[in-house]
Amino acid sequence: MGDHALLILLSVASLSLLPGAMPLQPSQAWSLFKLRQLLGDPPVLGTWRNYTDFCYGGDYKTASAFVECYEDSVTQLHIMGEPGARPLPTTFSIDAFFTTLSRLPDLKVLTLTNLGLWGPLPGGKISRLQKLEIVNVSSNYLYGELPRGLSQLGSLQTLVADHNMLGGKLPGWLKDMPLLAVLSLRNNTLQGTLPESLKDMPSLRSLVLASNNLSGNLPELSNLQVIDMANNALGPKFPRLGRKVASVVLAGNKFSDGLPADMLASCYLLERLDVSGNRFVGPFPAALLSLPSMEYLSIAGNRFTGRLSGNASCGENLRFVDLSSNLLTGSLPGCLLAAPGKTVLFSANCLSTGDDSQSQHPSPFCRNQALAVGIVPEQGRKKSGAKAGVVAVIVLVGALVVSAAVVFVVRKARLPKARPARRLVEHASSAYPSNLLADARYISQTVKLGALGIPAYRSFSLVELEAATDNFQVSSLMGQDAHGQMYRGRLSNGTPVTIRSLKVNKSQSFTRHIEMISKLRHRHLVSALGHCFQYNLDDSTVTHLYLVFEYVHNGNLREGTEGRKLSWGQRISTAIGVAKGIQFLHGGIIPGLFANNLKITNILMDQNQVPKIGSYNIPILSETMKSEGGAGSKYPPDRVPNGDKIDMYDFGVILLEVISGRPISSLYEVEMMKEQLQSALTAQGPSKRSNLVDPAVSKACSDDSMRTVMEICLRCLAKEPTQRPSVEDVLWNLQFAAQVQDDSRSSEESPLSPSQPHAQSAHD
C-alpha cells in the first residue's frame, strides 16, 4: 500500500471515533506504521491494524507495545521486543528510523528495547525531538559515542541505554543538560576516566555505569543519590559523596585506599553499600553497621582490618551483611548473631564467633597478612619498617612451605609427576584473586584452607575411607551409576562425607584431574574434600580412585518447594545461589565445566538452606566411562558446543519449578509452562502472573519481582542457544528481583519524571 493511500485510509477510519474525541493526526498515524515497517513488522506490533485508533481505541494495546496521546498528538511510544532479539537486517537504517520518529514532535516518553536496533545514534535527528523527557533504548546493538545532539534536549530527565555497545569516553557536554536526573549506561564499552564536569550537574541523581571499561578516580559525586560503578577498573581513591546518597555500588574495581569513615558516618540515608572485590586496606568503620537506613552492606574480598566488638550496635533496617575474606579480629557483634531474618556472612576472617559453619583463620594469620600489605598494628607502629618487611617475607616463605607440602603429598600418591611448583606458589601466595575468576571470594587460597567451613583439600589413605564406611559395607552404599559406586561415610573427626569409587584404567593420567578436582570448592557446590588411590600390590599401578566430597543432608530443592515451602524471597535467594554455583563452574576454574546436566533434584540444601549443586561434569568421569567401553562424551567438559547455554536452559527448567512449586518431568510440560509464562507476562494486571506462582507464596510476591523472575526464566528457555542469557545476566536480574521483593518502595523512590507513573499504569 502506498503512503498516500495509507493516509486516506487512516483519515476515513478516524470518522468512527466517539463524538468529541480528537483523532490522531493522519501524518502521525502514518509515522507509526512507517516505524513498524522499518522494524520489519515485528510480532510485538502484530496488533497494529490500518484501522487502529491509537489514541482512543485500547484494543490494540499490549504490555509490550502501546501509544499514549494528548488531544491529537502522540506523547508516549513504547515498543518492547522479545529478550535476546537479533540485530535487524543490513537494510535497516537508523537514520531513517529516527527521521520518522522526529515526525512525532510532541513525544515525551520513548521506550525502544530488545528490538535489534543497530548503528550509531544520529544526534541531528534526535535533537529534533525537543520535548523528550524519558528515553529507554536498552538491550539493542547501538554503537559509537553518545551524540552531541542529545545535549540539545533541554527537557530530557532520564536516559537509559543499558546493554548496548556504546563506546568512547563519557562526554563532558552532559553538563549542558540542565534537567538530566537519571543516566544509566550499564554494560556498554565506555572507557577512560569520567569527566570532572559531572559535579556541575545539579539535577543528576542516579548514575549507573556498571560493567564498562572505565578507569581512574571518580569525580566528586555529592549530588547523587544512586551510584552504580561495579565491574570497571576505577580507583584507587574513594569518591566524595553527599549526605543524601542512598545506594553506592563500587564492587569489582581497583579501589585500594581506606574507606572515609567520617564522610560515610554522616550518610544517614545510605541504604546500600557494596565495595566487595576491591583492594581496600585499613580499618573497617564498624559505625556503618549502625547507620539508620542501612539495609545491605558488603565489604567482602578486601583487606579490611580492625577488632570488632560484640557490643557494637546495628541499625534496625539492616538485612544483609557480608564481611567475608578480610582480616577482621575480635567478636562478631551480637546484633548480627541474634538477627532472625538477616543474612550475615563473615567467613575467612579471624573472628571469635563460636559458629563452625563459617570457618575462621587463627589470629596470627590476620596480623601477618596485615603486615604483608603494609598495615602496621598500633602496638607495632614504633617498630622499624624493616621488621615488617621481614614478616612479609616470612609469610611468603610460609606459603612456599605449604606448596611444597602439597607437592610431597602428590608424589607420595605415586602420581606420574608432581604439578609444577610455580603454579602451586602462584595459587598459594596470591594476595588478590585473579580477575579472570568469576567468584573470587570463594576460590582464593583462603577458601582452600577452610573458608567454606569445610576441611582443606587433602589426600586420604584407604584405611581412613574403610574406617569411614565400615569397610564399604552395603549399608553405607547410597547408590551406583555408570561411573561407579557412591558411599556415605563419617571421618574420624566426625565430618560426614560422600565417597565416590571409580575403577580406573592403568593408562589414565591423574595429575591434571586431581588439580581440577582440588579446585571444586565453592559455597554453592557440593565441594571436594580430597582423594585416595588404591594400588595393585604387584605392579603398584592405580586400580581405583576414590573422590571424597562433603555430605549435604537437608534434602533437595524440589523438596524445599514442595514440602518445607520456601518463601518467595527464599526461592529467589536459592536461585541466586545456584546461578553463582554455575558461574563458578563456567569461569571460576580454568578450564571451566559446562553441560553439567543440572536438575532440581541435584540441588541440595544444607542445614542453613544454602543451595549446593550436587552433580557436575568432572572430566575424569567421562574418561572413566570411555576406558570401560562406555560412550562417555565426545567433547571435553570445557569444549561442549554451547555448553554454557545448555546449563542456562537447565537452570530455566529449575526456575520453572521454583516459580510454580510443581514438579516438571518432561519437555512437553516445559513447553506448556513456557506458553503460560508468555501469556502471563503480556497480560494486563498481575492476577494472571500470580496464578502461575505456587499458591503457598503468591500472596507475598511483589509483582515487579515476580515479573522479573518470569522474564529471565523465559529467556533461559529460548529454543536458540544464542538467545539465552549469560549467567551474569541471570544473576543481575535475580538480584534485582530480590531487591524489589525486599523493598517495594524502590519504585516510588526512583527519581523519574512525573510522567513515569502514568506510563507504568499502562502496563498494569
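Here the structure is shown first, and the text comes after it.
Here the structure is a predicted model, which means the values were calculated and not measured.

With respect to the pairing of strand E1 (residues 65–70)
Pairing of E1 with strand E2 (residues 73–80), which is carried by 6 bridges, proceeds in the antiparallel orientation. By the bridge assignment, Glu68 is partnered in E2 with Gln76. A loop of 2 residues connects E1 with E2, the two strands running antiparallel in sequence, and Glu71 in this loop sits at a positive phi of about 60°.

So, the sheet that holds strand E4 (residues 118–120)
The strand order across the open sheet built from 3 strands is E4-E6-E8, with neighbouring strands paired in parallel fashion. Edge positions in the open sheet fall to E4 and strand E8 (165–166), since each of these has one partner strand only. When E4 meets strand E6 (residues 141–144), the two strands line up parallel, connected through 3 bridges. When the sheet's bridge partners are listed, Trp118 is paired in E6 with Tyr141.

Concerning the nonpolar core
In this structure, Leu32, Trp48, Leu77, Leu101, Leu170 and Phe284 are the most contacted members of the largest nonpolar core, which totals 97 residues. For this core, the secondary-structure elements that each account for two or more residues are helix H2 (26–38), E1, E2, helix H3 (94–101), strand E3 (109–113), helix H5 (261–265) and strand E19 (303–308). Sequence-distant contacts of Leu32, that is, excluding residues within four places in its chain, are made with Leu24, Trp48, Phe54, Val67, Val74, Leu77 and Leu104. Listed in part, the 72 residues of the second largest apolar core include Phe549, Val552, Ala575 and Val693.

Quick word on the pattern of salt bridges
Evaluation of the coordinates by the stated rule reveals 16 salt bridges. Close ionic contact of Asp176 with Lys175 constitutes a salt bridge, the shortest N to O distance being 3.4 Å. Since its relative accessible area comes to 35%, Asp176 is described here as partly exposed. A salt bridge links Asp694 to Arg571; its shortest N-O distance comes to 2.9 Å. A residue pair is termed long-range when its members are at least 10 positions apart, and Asp694 in the loop between helix H19 (687–692) and helix H20 (695–698) and Arg571 in helix H15 (residues 568–588) qualify at 123 residues.

Describing helix H13 (residues 511–518)
Burial within H13 is extensive, with 7 of its 8 residues counted as buried. Along H13, the positions that sit buried rather than exposed are Thr511, His513, Ile514, Glu515, Met516, Ile517 and Ser518.

Considering the pairing of strand E21 (residues 327–331)
Within E21, 4 of the 5 residues are buried, leaving the element largely enclosed by the surrounding structure. Where E19 lies against E21, 4 bridges are found, and the strand directions are parallel. Looking at E21, one finds that Thr305 is bridged to Leu327. Both E21 and strand E23 (residues 350–352) contribute to a ladder of 3 bridges, which runs parallel. Residue pairing across strands places Thr329 opposite Cys350, the latter belonging to E23.

Considerations on the sheet that holds strand E14 (residues 233–234)
An order of E10-E12-E14 is seen for the 3 strands of this open sheet, with the pairing classed as parallel. Looking at which strands have only one partner, the edges of the open sheet turn out to be strand E10 (191–192) and E14. Judged from the 2 bridges that link them, strand E12 (residues 213–216) and E14 form a sheet pairing that is parallel. Within E14, the position partnered with Gly216 by the bridge is Leu234.

A short note on unusual backbone geometry
The omega torsion across Gly235 and Pro236 is 10°, close enough to zero to call that bond cis. Relative to the helices and strands, Pro236 resides in the loop between E14 and strand E15 (247–249). Even without glycine at this site, Asn642 takes up a positive phi of about 55°. Topologically, Asn642 is positioned in the loop between helix H16 (619–627) and helix H17 (643–660).

The rules we used
Residues numbered from 1 in each chain as written. Predicted model: local features only at pLDDT ≥ 70, side-chain atom pairs only at ≥ 80, totals over all residues. Heavy atoms only, no water. Pairing = 2+ DSSP bridges. Helix = DSSP H or I, 4+ residues; strand = E, 2+ residues; numbered from the N terminus. Core = buried A, V, L, I, M, F, W, Y, C linked by side-chain atoms within 4.5 Å. Buried < 20%, exposed > 50% of the residue type's maximum accessible area, 1.4 Å probe, protein only. Contact = heavy atoms within 4.5 Å. Salt bridge = Lys/Arg side-chain N within 4 Å of Asp/Glu carboxyl O.

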